[in-house]
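Spelled out, the chains give:
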Amino acid sequence: MTKSTRYRTLAPYGAWESPIDSNLLSKKSSVLCELAAIRTQSTVWCTITRAADDGKTSLFSFTNTDTALHEYYVPGSVRSSVHEYGGGALSVLPNGDAIVAHQADGKHSVSRIPRDGSGRVVLAAPSTKRRYADFGAHPSGLYAAAIEEDHATKPVSNVLVCLSTEKMERSLLGANHDFYAYPRFSPDGTMIAYVTWDNPKMPFWSSQLWVASVEEEGNTIRLSQPLLIGADLAQQPVWTEPS
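Residues numbered from 1 in each chain as written. Predicted model: local features only at pLDDT ≥ 70, side-chain atom pairs only at ≥ 80, totals over all residues. Heavy atoms only, no water.

**Observations concerning the overall build of the protein chain**
Thinking step 1. A tally of regular secondary structure across the protein chain gives two helices and 17 strands.
Thinking step 2. A globule of 243 residues ought to have a C-alpha radius of gyration of about 18 Å, yet the protein chain, at 23 Å, is considerably larger.
Thinking step 3. Considering the protein chain as a whole, with its 243 residues, one finds that 43% of them fall into the buried category.
Thinking step 4. The long-range fraction of contacts in the protein chain, counting pairs at least 24 apart against all pairs at least 6 apart in sequence, stands at 39%.
Thinking step 5. A total of about 14,000 Å² of accessible surface is found on the protein chain, and carbon and sulfur atoms cover 53% of it.
Thinking step 6. Across the protein chain, 22 positive and 25 negative side-chain charges occur, with their mean positions spaced 10 Å apart. (Helix = DSSP H or I, 4+ residues; strand = E, 2+ residues; numbered from the N terminus. Rg over C-alpha atoms; globule rule 2.2 N^0.38 Å. Buried < 20%, exposed > 50% of the residue type's maximum accessible area, 1.4 Å probe, protein only. Contact = heavy atoms within 4.5 Å. Areas by Shrake-Rupley, 256 points an atom, 1.4 Å probe, with all protein chains shown as cover. Lys, Arg positive; Asp, Glu negative; His and termini not counted. Charge placed at Lys NZ, Arg CZ, Asp CG, Glu CD.)

This is the structure:
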């Protein structure tokens, strides 16, 4: 036997086992999913999916003086399944705390994560039916608008809600359309912009931009005088700071 054939492995066509497998290629891979920050705080939040964690998406933060990421405990994986494809699982409050949607054991929940690492505050109890995403923090820090998707109804309902950032308290803001997205408060908190669309249209074919007044009522808010701003195709509204 020659030296060149001594280390060969013979196998039928298509049955040869390579020493390079998917685990070897991906076990150290990481994917940056979402970034969130606000102008008045130096902390930047992000979510990262790591193959070494069996594809779990975890929550991290960092500042310009940090030499490493800070990881925070969140039950399960930081992600949302609203609209089935997820997204919008992370947002930041005016004080620098994070709001996250997360999933564990088939249940969906929402939590506030203090940036100092102190105790997590549950804002929406774990549920197999209700899902939340696309949080828009109110400048007061007391509330966050969100998209709520309820799979207990047929068809599935998609509505605009207000969540307390201090406890499990939720109120309805809008339910007149088939789908809602991108709720964003104005810098002074007196207005809110949001996007809607209705079946059978898709949001990249036809979506509407609305602006409504925000009125505080006890421990929550309500919307009044909704005004249609754009009726053709609207996505991702952003308010500018007053000059």
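**Points about the packing of aromatic side chains**
Thinking step 1. Enumeration according to the criterion identifies four aromatic pairs in this entry.
Thinking step 2. Geometrically, the ring pair formed by Trp45 and Tyr72 is tilted, given 4.7 Å between the ring centres and 40° between the ring planes. Of this pair, Trp45 sits in strand β2 (residues 44-50) while Tyr72 sits in strand β4 (residues 70-72), and the two are 27 residues apart along the sequence.
Thinking step 3. Looking at Tyr72, the relative accessible area reads 12%, which means it is buried. (Phe/Tyr/Trp six-rings, centres within 6.5 Å; stacked < 30°, edge-to-face > 60°.)

**Some thoughts on the sheet that holds strand β3 (residues 57-62)**
Thinking step 1. Taken together, four strands build an open sheet; the order of strands is β1-β2-β3-β4 and the sheet is antiparallel. Of all the strands in the sheet, just β1 (30-36) and β4 have a single pairing partner and so form its edges. Strand after strand, the sheet turns through a mean of 35° between neighbouring axes, direction not considered.
Thinking step 2. Strand direction decides the pairing type here: β1 and β2, joined by six bridges, are antiparallel. Across the sheet, the residue bridging to Ala36 is Trp45, located in β2. (Pairing = 2+ DSSP bridges. Axes fitted to C-alpha atoms, helices over the stretch in contact; angles between N-to-C directions.)

**Let's talk about the sheet that holds strand β16 (residues 208-217)**
Thinking step 1. Read from one edge of the open sheet, four strands run β14-β15-β16-β17, paired in antiparallel fashion. What marks the edges here is a single partner per strand, and that holds for β14 (179-185) and β17 (220-230). Neighbour-to-neighbour, the strand axes of the sheet open up by a mean angle of 30°, direction not taken into account.
Thinking step 2. Note: β16 against β17, eight bridges, orientation antiparallel. Bridge assignment links Ser213 to a residue of β17, and that residue is Ser224.

**Some details on unusual backbone geometry**
Thinking step 1. With an omega of 0°, the peptide bond running from Lys154 to Pro155 counts as cis.
Thinking step 2. By the secondary structure assignment, Pro155 is in the loop between β11 (143-150) and β12 (157-164).
Thinking step 3. The omega angle of the peptide bond from Asn199 to Pro200 is 5°, so this bond is cis rather than trans.
Thinking step 4. One non-glycine residue, Tyr182, lies in the positive phi region at around 55°.
Thinking step 5. With respect to the helices and strands, Tyr182 occurs in strand β14.
Thinking step 6. Even without a glycine there, the phi angle at Gln225 is positive, about 50°.
Thinking step 7. Along the polypeptide, Gln225 turns up in strand β17.

**Overview of the side chain of Thr47**
Thinking step 1. Inspection of the secondary structure puts Thr47 in strand β2.
Thinking step 2. Apart from residues lying up to four places away in sequence, Thr47 is in contact with Val31, Leu32, Cys33, Glu34, Thr57, Ser58, Leu59, Val78 and Leu90.

**What about empty space enclosed by the protein?**
Thinking step 1. Within the structure shown, the criterion is met by one cavity of 30 Å³ or more.
Thinking step 2. Here the largest cavity is characterised by a volume of approximately 30 Å³.
Thinking step 3. Counting only elements with at least two residues in the lining of the largest cavity, the list comes to β7 (98-104), β8 (107-113) and β10 (130-137). (1 Å grid on protein atoms, 1.4 Å probe; cavity = no way out; pocket = protein on both sides within 12 Å on 5 of 7 lines; lining within 4 Å. Points joined across faces, edges and corners; volume = space filled by probe spheres on them.)

**Observations concerning the nonpolar core**
Thinking step 1. Judged by nonpolar contacts, the single largest core of 26 residues is most densely connected at Trp45, Leu59, Val110, Ile113 and Phe135.
Thinking step 2. Elements represented by at least two residues in this core include exactly β6 (90-92), β7, β8, β9 (121-127), β10, β11 and β12.
Thinking step 3. If one sorts the elements of this core by residue count, β7 sits on top with four residues.
Thinking step 4. When near neighbours in sequence (up to four residues on either side) are disregarded, Ile113 contacts Trp45, Leu59, Tyr72, Tyr73, Val74, Asp97, Ala98, Val100 and Arg120.
Thinking step 5. One finds Val82, Tyr143, Phe185 and Ile221 within the second-largest nonpolar core, a separate group that totals 17 residues. (Core = buried A, V, L, I, M, F, W, Y, C linked by side-chain atoms within 4.5 Å.)

Just geometry here; none of it tells us what the structure is for.
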